[in-house]
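Chains, contacts and geometry: an overview
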Amino acid sequence: MSTYQKVERIDYQVLRPVVIIGPVVEKLVEKLVQDYPHKFSRCIPEIKKASGQAMERGQAENVFIDFRRRGTHFECITVASVSQACTKGYHCILSVSPSAIDRLSRLKLYPIVVFIRFKSPRQIRELKDVQFLPERLSSKACKELHEQSKADEQDFQHHITAVVPGASFTQICTSLKSVVEQEQSKSFWVPSDPL
């Protein structure tokens, strides 16, 4: 017996936040923000000195989208900072967990989630960029990154809106920009709020 869920079509007018998943994402995000500063911005986590309970309470009250402990403090992504970046005309690039992607959707911020898929560790090893990745990664590091990437693809699979094939840094950034523009212009379907 099939079950159906009522959905509604969304034509989202505000720029959507972006989550990029895959190997060497931090370096790719740096290049993307530098190459397209009028389109993309990084969401810089806010530093909070609070208890874990206070952070969880803030998350439950929709103040924080995600947080991570860093020594004696927490780095957190706030709903306000994401909303502010998107309404100012930037795609806010986030580094968040799968549960945070669900939270973004519940808050009607509907992220664009892009996975960068490399065919092999060797393809990752061939990546090089004079400014962002001046030296090749070791074979061991590439193998670990490729394995982690496959695990991330499984963890995030039901969130992924688009896949970009691994290539050169420049090609990946150009593809990311194109994919984000395409996804932003599309209507999409979300579950309707229950009555």
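Residues numbered from 1 in each chain as written. Predicted model: local features only at pLDDT ≥ 70, side-chain atom pairs only at ≥ 80, totals over all residues. Heavy atoms only, no water.

In space, the 3 strands of this open sheet follow the order 4-6-5, with antiparallel pairing throughout. Both edges of this open sheet fall to strand 4 (46-48) and strand 5 (64-70), since each of them pairs with a single strand only. With strand direction ignored, the average angle separating the axes of adjacent strands in the sheet is 30 degrees. As paired elements, strand 4 and strand 6 (residues 73-78) share 3 bridges and run antiparallel to each other. Pairing of Ile47 across the sheet is with Glu75, part of strand 6. (Pairing = 2+ DSSP bridges. Helix = DSSP H or I, 4+ residues; strand = E, 2+ residues; numbered from the N terminus. Axes fitted to C-alpha atoms, helices over the stretch in contact; angles between N-to-C directions.)

This next bit is on the pattern of salt bridges. Oppositely charged side chains are able to pair whenever their charged atoms sit close together. Enumeration according to the criterion identifies 11 salt bridges in this entry. The partner of Arg42 in a salt bridge is Glu26, and the shortest N-O contact between them spans 2.4 Å. Within this pair, whereas Arg42 is found in strand 3 (residues 40-42), its partner Glu26 is found in helix 1 (residues 25-35), the two being separated by 16 residues in sequence. A cluster of three or more residues bridged by salt bridges with shared partners is formed by Lys39, Lys177 and Glu181. (Salt bridge = Lys/Arg side-chain N within 4 Å of Asp/Glu carboxyl O.)

Before going further, it helps to examine helix 7 (residues 169-185). Here helix 7 is 17 residues long and its end C-alpha atoms lie 25 Å apart, about the 24 Å a rise of 1.5 Å per residue gives. Considered for burial, the residues of helix 7 that qualify are Phe169, Ile172, Cys173, Leu176, Lys177, Val179, Val180, Glu183 and Gln184. Packing partners of the buried residues in helix 7 comprise strand 2 (18-21), helix 1, strand 3, strand 7 (91-94), strand 8 (112-117) and strand 9 (162-165). (Expected span 1.5 Å × (residues − 1). Buried < 20%, exposed > 50% of the residue type's maximum accessible area, 1.4 Å probe, protein only. Contact = heavy atoms within 4.5 Å.)

Attention shifts here to the sheet that holds strand 7. Sheet strands associate in pairs through backbone hydrogen bonding, adopting either a parallel or an antiparallel arrangement. Strand order in the open sheet formed by 5 strands is 3-7-2-8-9, with parallel pairing between adjacent strands. Looking along the sheet, the strands with just one partner apiece sit at the ends: strand 3 and strand 9. Each neighbouring strand pair of the sheet contributes to a mean axis angle of 30 degrees, computed without reference to strand direction. Sitting on the sheet, helix 1 is in contact with strand 2, strand 3, strand 7 and strand 8, with an inclination near 130 degrees to strand 3.

What follows concerns the environment of Phe64. Following the sequence through the fold, Phe64 ends up in strand 5. Expressed as a C-alpha distance, the spacing of Phe64 and Val82, which sit 18 residues apart in the sequence, is 10.0 Å. Non-local contacts of Phe64, meaning those with residues more than four positions away in its chain, are made with Lys48, Ala54, Met55, Gly58, Gln59, Cys76, Ile77, Thr78, Val79 and Arg103.

The next thing to look at is the side chain of Gln184. Looking at where Gln184 falls in the secondary structure, it is placed in helix 7. A polar contact is formed between the side chain of Gln184 and the backbone nitrogen of Arg16, at a distance of 2.9 Å. Setting aside chain neighbours within four positions, we find Gln184 in contact with Tyr12, Gln13, Val14, Leu15, Arg16, His91 and Ile112. (Polar contact = N/O pair within 3.5 Å; in protein donor to acceptor, adjacent residues only side chain to side chain.)

This part takes up the packing of aromatic side chains. Tallied over the full model, the rule gives 2 aromatic pairs. The interplanar angle of 70 degrees and the centroid separation of 6.4 Å between the aromatic rings of Tyr36 and Phe40 together place this pair among those described as edge-to-face. With relative accessibility at 15%, the residue Tyr36 sits in the buried group. Judged by relative accessible area, which is 1%, Phe40 ranks as buried. (Phe/Tyr/Trp six-rings, centres within 6.5 Å; stacked < 30°, edge-to-face > 60°.)

The contact between helix 1 and helix 7 brings their axes to 10 Å, and the two run at 70 degrees. Put simply, helix 1 runs roughly perpendicular to helix 7. Relative to helix 7, helix 1 is oriented so that their crossing is right-handed. Contacts between helix 1 and helix 7 pair Lys27, Leu28, Lys31 and Leu32 from the former with Phe169, Thr170, Ile172, Cys173, Leu176 and Lys177 from the latter. Here the contact of helix 1 with helix 7 is built from residues that sort into 6 nonpolar, 1 polar and 3 charged. (Parallel < 35°, antiparallel > 145°, perpendicular 65-115°, else oblique. Left-handed = near helix turned anticlockwise from the far one by under 90°. Nonpolar A, V, L, I, M, F, W, Y, C, P; charged D, E, K, R; others polar.)

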